[in-house]
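Each chain is listed here by its residues.
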Amino acid sequence: MTTIYLETAIKADIHKVFDLARDIDLHQKSTGKTNEKAIAGRTSGLIEKNETVTWRAKHLGVYQTLTTKIISMEKPVQFTDIMLKGAFKTMKHQHIFKERNGNTVMIDLFEFESPFGIIGTFFNHIFLKDYMRKFLLERNELIKKIAESINTP
């Protein structure tokens, strides 16, 4: 299993950051490079516990679909999604939010495993982990930018 851990400090209210992180429309804006679109399940607005979303995106030159489900949610401190269908063998993404000195720390704990055994493991280490980390960082930068601009008087 490959794990990516990210912390993003955001000068904004935890409730606002939590909602931005589960906003389908914002996610689509943050993934312009991959032309990611929500095509089934919840396709706009704020995703909730037990809802699914199916994404279609172009990764590594190939269009792929990925269906995820929110399996837990405790507003505004965490939500977790897992892959139901897609290119990974397994995928779990925990979104954790903590208040610190009136600001929010957004934590991503993204765990995945590629198919194809040892070949998939090798691919994870030489390419996919870095690719997914950059993908998450771009999303987080947009969340941060929007959340902090909302808080600016």
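Criteria and cut-off values
Residues numbered from 1 in each chain as written. Predicted model: local features only at pLDDT ≥ 70, side-chain atom pairs only at ≥ 80, totals over all residues. Heavy atoms only, no water. Helix = DSSP H or I, 4+ residues; strand = E, 2+ residues; numbered from the N terminus. Rg over C-alpha atoms; globule rule 2.2 N^0.38 Å. Buried < 20%, exposed > 50% of the residue type's maximum accessible area, 1.4 Å probe, protein only. Areas by Shrake-Rupley, 256 points an atom, 1.4 Å probe, with all protein chains shown as cover. Lys, Arg positive; Asp, Glu negative; His and termini not counted. Charge placed at Lys NZ, Arg CZ, Asp CG, Glu CD. Phe/Tyr/Trp six-rings, centres within 6.5 Å; stacked < 30°, edge-to-face > 60°. Lys NZ or Arg CZ within 6 Å of the ring centre and 35° of its normal. Salt bridge = Lys/Arg side-chain N within 4 Å of Asp/Glu carboxyl O. Polar contact = N/O pair within 3.5 Å; in protein donor to acceptor, adjacent residues only side chain to side chain. Contact = heavy atoms within 4.5 Å. Core = buried A, V, L, I, M, F, W, Y, C linked by side-chain atoms within 4.5 Å.

Overview of the overall build of the protein chain
Then, in step 1: Broken down by element type, the protein chain carries three helices and seven strands.
Then, in step 2: Along its sequence from the N terminus, the protein chain presents helices and strands in the succession β-α-α-β-β-β-β-β-β-α.
Then, in step 3: For 153 residues, the compact-globule estimate of 2.2 N^0.38 gives 15 Å, and the C-alpha radius of gyration of the protein chain, at 15 Å, lies within 12% of that figure.
Then, in step 4: Across its three principal axes, the protein chain shows a C-alpha extent of roughly 50 × 30 × 30 Å.
Then, in step 5: Within the protein chain, buried positions represent 41% of all 153 residues.
Then, in step 6: Per element, the accessible surface of the protein chain, about 8400 Å² overall, is 55% carbon and sulfur.
Then, in step 7: Across the protein chain, 23 positive and 18 negative side-chain charges occur, with their mean positions spaced 4 Å apart.

Section: the packing of aromatic side chains
Then, in step 1: By the definition in use, this model includes eight aromatic pairs.
Then, in step 2: Where Phe-18 meets Phe-97, the ring centres are 5.3 Å apart and the plane angle is 70°; that geometry is what we call edge-to-face. Residue Phe-18 is located in helix H1 (residues 14–21), and its partner Phe-97 is located in strand S6 (residues 90–100); the two are separated by 79 residues in the primary sequence.
Then, in step 3: Note on Phe-97: relative accessible area 2%, which makes it buried.
Then, in step 4: Between Phe-110 and Phe-112, the aromatic rings sit 5.6 Å apart at their centres with planes inclined by 45°, giving tilted as the arrangement.
Then, in step 5: Using a relative accessible area of 0% as the deciding quantity, one classes Phe-112 as buried.
Then, in step 6: Three or more aromatic residues link up through ring pairs in this structure, and these residues are Phe-18, Phe-79 and Phe-97.
Then, in step 7: Over the ring of Tyr-63 we find Arg-56; its NZ or CZ atom is 4.1 Å from the centre of that ring.

Thoughts on the pattern of salt bridges
Then, in step 1: Enumeration according to the criterion identifies nine salt bridges in this entry.
Then, in step 2: Across the salt bridge formed by Lys-33 and Glu-138, the nearest N and O atoms sit 3.0 Å from each other. With Lys-33 in the loop between helix H2 (24–30) and strand S2 (37–41) and Glu-138 in helix H3 (residues 117–151), the pair connects residues that are 105 residues apart, well separated along the chain.
Then, in step 3: Given a relative accessible area of 33%, Glu-138 falls into the partly exposed group.
Then, in step 4: Via salt bridges that share partners, Asp-19, Arg-22, Glu-48 and Lys-75 belong to a single interconnected network.

Overview of the side chain of Gln-78
Then, in step 1: Looking at the element boundaries, Gln-78 is found in strand S5 (residues 78–85).
Then, in step 2: Among the polar contacts made by the side chain of Gln-78, one reaches the side chain of Ser-72 at a distance of 3.2 Å.
Then, in step 3: Among the polar contacts listed, one links the side chain of Gln-78 to the side chain of Thr-80, at a separation of 3.4 Å.
Then, in step 4: Not counting the four nearest positions on each side in its chain, Gln-78 is found in contact with Phe-18, Ser-72, Met-73, His-95, Ile-96 and Phe-97.

Brief notes about the nonpolar core
Proteins that are soluble and globular tend to have nonpolar side chains buried together.
Then, in step 1: Counting residues in each nonpolar core, the largest one holds 20 residues, and the members touching the most others are Ile-10, Val-17, Phe-79, Phe-97, Met-106 and Ile-143.
Then, in step 2: Every element with two or more residues in this core is listed here: H1, H2, strand S3 (52–59), strand S4 (62–74) and H3.
Then, in step 3: When residues in this core are grouped by element, the largest group, five residues, is from H1.
Then, in step 4: With residues up to four places along the chain from it excluded, the contact list for Val-17 reads Ile-10, Ala-12, Phe-97, Thr-104, Met-106, Ile-143 and Ala-147.

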